[in-house]
Amino acid sequence: MFKKFNGATMLTIAALLSACGGGGGGTDGSSGNSGGAATASFSIGGTVSGLTAGKQVVLQNNAGDSLTVSANAAFTFAGKVNQNASYAVTVATQPAAQTCTVSNGTGSNVVANISNVAVNCVTDIAGVVTTLAGNGVGGTLDGIGVAAGFNNPVGIATDGSNVYVSDMFSGTIRKVVISTGAVSTLAGTPGSFGGSGTNDGIGAAARFSYPRGLYTDGTNLYVTSDTTVRKIVIATGAVTTLAGKASTVGNTDGTGSTALFNNPWGITGDGVNLYVTDLGSHTIRKIVIATGEVTTLVGRAGLSGSNDGYGVAALFKEPWGITTDKSSLYVTDSANQTIRKITLATTEVTTLAGKPGVVGNSNGTGAAASFKSPIGIATDGTNLFVSDSDNHTLRKIVIATGAVSTLAGTAGSLGSTDGSGAAARFYYPFGVATDGSSLYVADRGYHLIRKIR
């Protein structure tokens, strides 16, 4: 015979069951009989950019979970990682004729979905050289292709549709349409290249004194000329002086015309600041674009050397060309025969390739490579491209490893021959620019603009 329990007794039994772990489902979402809570898991993803149409890249997470991506878009791996676990996204298979790199690709202690992995693909440049514009003789002629003439082109920049050239001995800034080779004069007047060439103005009314380095943000051009840094509005050709004082040599930091330079040459930018190689002062200067404020980023004015270090502890010897991937600067330290790296966040300077004072043309990694007056430099974010001027070659440096190879030209053999790799010839190549798929070179000796694919 069953005993009937009253309400108070039932409450007591329920309390005892709860204390012993009995009863219904657990409060953590797991079954009351499962022995513990379910482990949370999270997705890993990001975006692919730069992938050429019709190509694909194979990614892996933690060396196991594979994903084939065939377009520039967001991606997410099928597998997930457990809470507090790690992830590591790598490129398992590169697309044909492209190189893809991963940023934000690793992490640990995951507690949320990851969507900021960035895979960037760039087209490999094979070293096929052609002549885009110039007649090989010299002069300042507007025209198409070989009908155009340049007079010692040294600086070069591109926005992907056009190439802009500092035509040093003509005192002008030229524009070359990439698709047609059509050359026009954007600013300056041919022949007005001496000490009096410092006037601001629009188009032909502006004057330049030996225009040299060139950088574009797509809207404006920035030019090193005389002892100043000038700005050119591409749409109008309007020229103004951003910093420095014409015909006044110095190394003073300041704003606008109170700042002084000593042979500024190479120039690059990150959208907020410009960075200039002040060749005569052996320093790298920084200019705030919005205000024209100039400061010395690294190096010590008037003191040359090859020391690695931070800020003023680092020394350069005639730094010439400069480029940036937005996190670091890369400089051709010409008289040292080296390629230097400057980490912007810390101002740390290190030597990426070449050995100070060692002249040569050896390929190799880091200090095993050698150069002979490296001048121009450009980057696609994965590689550096350097005009090894006195070797008459174009060199390639893998940023991640410092491995140096010769992309085009043959050391010691000068000329103007178009061709592939070692069959091509240059004559004192200077400025280098890239649009991500091609290189453009100001080939100074024969007054040509060359294209490398």
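Up top you'll find the structure we're talking about.
This structure is a prediction, so every number in the text was calculated from the model and none was measured. (Residues numbered from 1 in each chain as written. Predicted model: local features only at pLDDT ≥ 70, side-chain atom pairs only at ≥ 80, totals over all residues. Heavy atoms only, no water.)

Caption draft 1: Highlighting the sheet that holds strand β14 (residues 182-187). As summarised here, the arrangement of the 5 strands in space is β10-β14-β13-β12-β11, forming an open sheet in which the pairing is antiparallel. The sheet terminates laterally at β10 (143-144) and β11 (153-158), the two strands that pair on one side only. In terms of strand pairing, strand β13 (residues 172-177) meets β14 through 4 bridges, oriented antiparallel. The partner of V176 across the bridge, within β14, is V183. (Pairing = 2+ DSSP bridges. Helix = DSSP H or I, 4+ residues; strand = E, 2+ residues; numbered from the N terminus.)

Caption draft 2: Examining the environment of V58 more closely. By the element assignment, V58 lies in strand β2 (residues 57-61). In this structure, the C-alpha to C-alpha distance between V58 and T240, residues 182 residues apart in sequence, is 48 Å. With residues up to four places along the chain from it excluded, the contact list for V58 reads L67, T68, T90, V91, A92 and T93. (Contact = heavy atoms within 4.5 Å.)

Caption draft 3: Spatial organisation of the pattern of salt bridges. Taken as a whole and judged by the stated rule, the model has 10 salt bridges. The partner of D142 in a salt bridge is R174, with the nearest N and O atoms 3.0 Å apart. Taken as a pair, D142 in the loop between β9 (128-133) and β10 and R174 in strand β13 lie far apart in primary sequence, 32 residues in all. Accessibility expressed as a relative area gives 43% for D142, which makes it partly exposed. For R174, a relative accessible area of 0% gives the class buried. A salt bridge links D167 to R174, with the nearest nitrogen and oxygen atoms 2.9 Å apart. Salt bridges linked by common partners bring D142, D167 and R174 together as one network. (Salt bridge = Lys/Arg side-chain N within 4 Å of Asp/Glu carboxyl O. Buried < 20%, exposed > 50% of the residue type's maximum accessible area, 1.4 Å probe, protein only.)

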